[in-house]
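Breakdown of the fold
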Amino acid sequence: MPKTEAFEKFPQAYEAWFEKHSTLYNAEIEAIKKLLPAFKNGIEIGVGSGRFAVPLGIRTGVEPSTKMAEIARTKGINVIEGIAEDLPVKNETFDLALMVTTICFVDDPLLSLQNIYQILKPDGYVIIGFVDRKSELGKKYEKNRRNSRFYGEARFYDVNEVIGLLKKAGFSEIVCTQTLFGKDLEHMDTSVKKGYGEGAFIALRARKDHDDS
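Residues numbered from 1 in each chain as written. Predicted model: local features only at pLDDT ≥ 70, side-chain atom pairs only at ≥ 80, totals over all residues. Heavy atoms only, no water.

1. Side note on unusual backbone geometry
Despite not being glycine, D123 has its phi angle at roughly 70 degrees, a positive value. Among the secondary structure elements, D123 is positioned in strand 5 (residues 120-131). By relative accessible area, which is 34% here, D123 ends up partly exposed. The phi angle at E173 is positive, at roughly 55 degrees, despite the residue not being glycine. With respect to the helices, strands and loops of the structure, E173 is situated in strand 6 (residues 171-179). (Helix = DSSP H or I, 4+ residues; strand = E, 2+ residues; numbered from the N terminus. Buried < 20%, exposed > 50% of the residue type's maximum accessible area, 1.4 Å probe, protein only.)

Written out as structure tokens, the structure reads:
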């Protein structure tokens, strides 16, 4: 079942987080932009209120939360209601798929990535953004998630776990950026670096191989 209850109940609180922490949000955008390939037709899986799709030039999204979808549509996003494990999208339709802070909410991350692989054109890319469970902030989120309005049902992953899932789903050429260096939201270095192992927010890009058969 999609974990949408908190997003249905508190859509304005979700939006307010980005306003309050705009510096952190902008750092996450920049980390993704460093990996963003040229694309013509992009889709975000778990588009939420469109906070990432809009600044990154993505006009289509899949979203299970009705309240989130309503907000995204006011920002010009074409929202298809659905879940990552059963994408209501034709195969080989998009050349870029984005999934930001969504992998921690899906019931089956491997199936979700396999479905993303299917809807991408050959040589298309996926970018996964998430909080690294092994980072200082990730450890804090994990410890306190039961008290969190939005992360109560989340399952956090570390970078190697997500890389392993991407490879199992058929992706290759995985590259990585990281940002948000620090122990809490109030004391963060928002520079963007290559690689992983230090930053709390990770962006991974992977390519769907061209099928020569």
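2. With respect to the nonpolar core
Within the largest apolar cluster, 39 residues are counted, with the highest numbers of intra-cluster contacts made by I32, F52, L98, I127 and L180. Every element with two or more residues in this core is listed here: helix 2 (11-20), helix 3 (22-33), helix 4 (53-56), helix 5 (66-74), strand 4 (94-100), strand 5, helix 7 (136-144) and strand 8 (201-208). Take this core: its biggest share by element is six residues, from helix 3. Contact partners of I32, with chain neighbours within four places excluded, come to F52, L56, L98, V100, I127, F201 and A203. L87, L113, C176 and L204 belong to the second-largest nonpolar core, a separate cluster that totals 31 residues. (Core = buried A, V, L, I, M, F, W, Y, C linked by side-chain atoms within 4.5 Å. Contact = heavy atoms within 4.5 Å.)

3. Re the side chain of D95
Within the fold, D95 resides in strand 4. The side chain of D95 is buried and forms no salt bridge, while K121, the nearest opposite charge, is found at 5.7 Å. Within polar-contact distance, the side chain of D95 engages the backbone nitrogen of K40 at 2.8 Å. A distance of 2.9 Å separates a polar side-chain atom of D95 from the backbone nitrogen of N41. When near neighbours in sequence (up to four residues on either side) are disregarded, D95 contacts F39, K40, N41, G42, L120, G124 and Y125. (Lys, Arg positive; Asp, Glu negative; His and termini not counted. Salt bridge = Lys/Arg side-chain N within 4 Å of Asp/Glu carboxyl O. Polar contact = N/O pair within 3.5 Å; in protein donor to acceptor, adjacent residues only side chain to side chain.)

4. Notes on the packing of aromatic side chains
Evaluation of the coordinates by the stated rule reveals five aromatic pairs. A centroid spacing of 5.3 Å and a plane angle of 80 degrees characterise the contact between W17 and F18, whose relative ring orientation is edge-to-face. Taken together, a centroid distance of 5.6 Å and an interplanar angle of 85 degrees make the contact between Y25 and F52 edge-to-face. In this pair, Y25 sits in helix 3 while F52 sits in the loop between strand 1 (42-45) and helix 4, placing the two residues 27 residues apart along the sequence. Residue classification places Y25 among the buried residues on the basis of a relative accessible area of 11%. Aromatic ring contacts, followed pair by pair, group W17, F18, Y25 and F52 into a single cluster. (Phe/Tyr/Trp six-rings, centres within 6.5 Å; stacked < 30°, edge-to-face > 60°.)

5. Topic: the pairing of strand 1
Burial along strand 1 is two-sided: G42 and E44 facing one way and I43 and I45 facing the other are all buried. Where strand 1 lies against strand 4, three bridges are found, and the strand directions are parallel. Bridge assignment links I43 to a residue of strand 4, and that residue is A97. Pairing between strand 1 and strand 2 (residues 60-62): three bridges, direction parallel. Across the sheet, residue I45 finds its bridge partner in strand 2, namely V62. (Pairing = 2+ DSSP bridges.)

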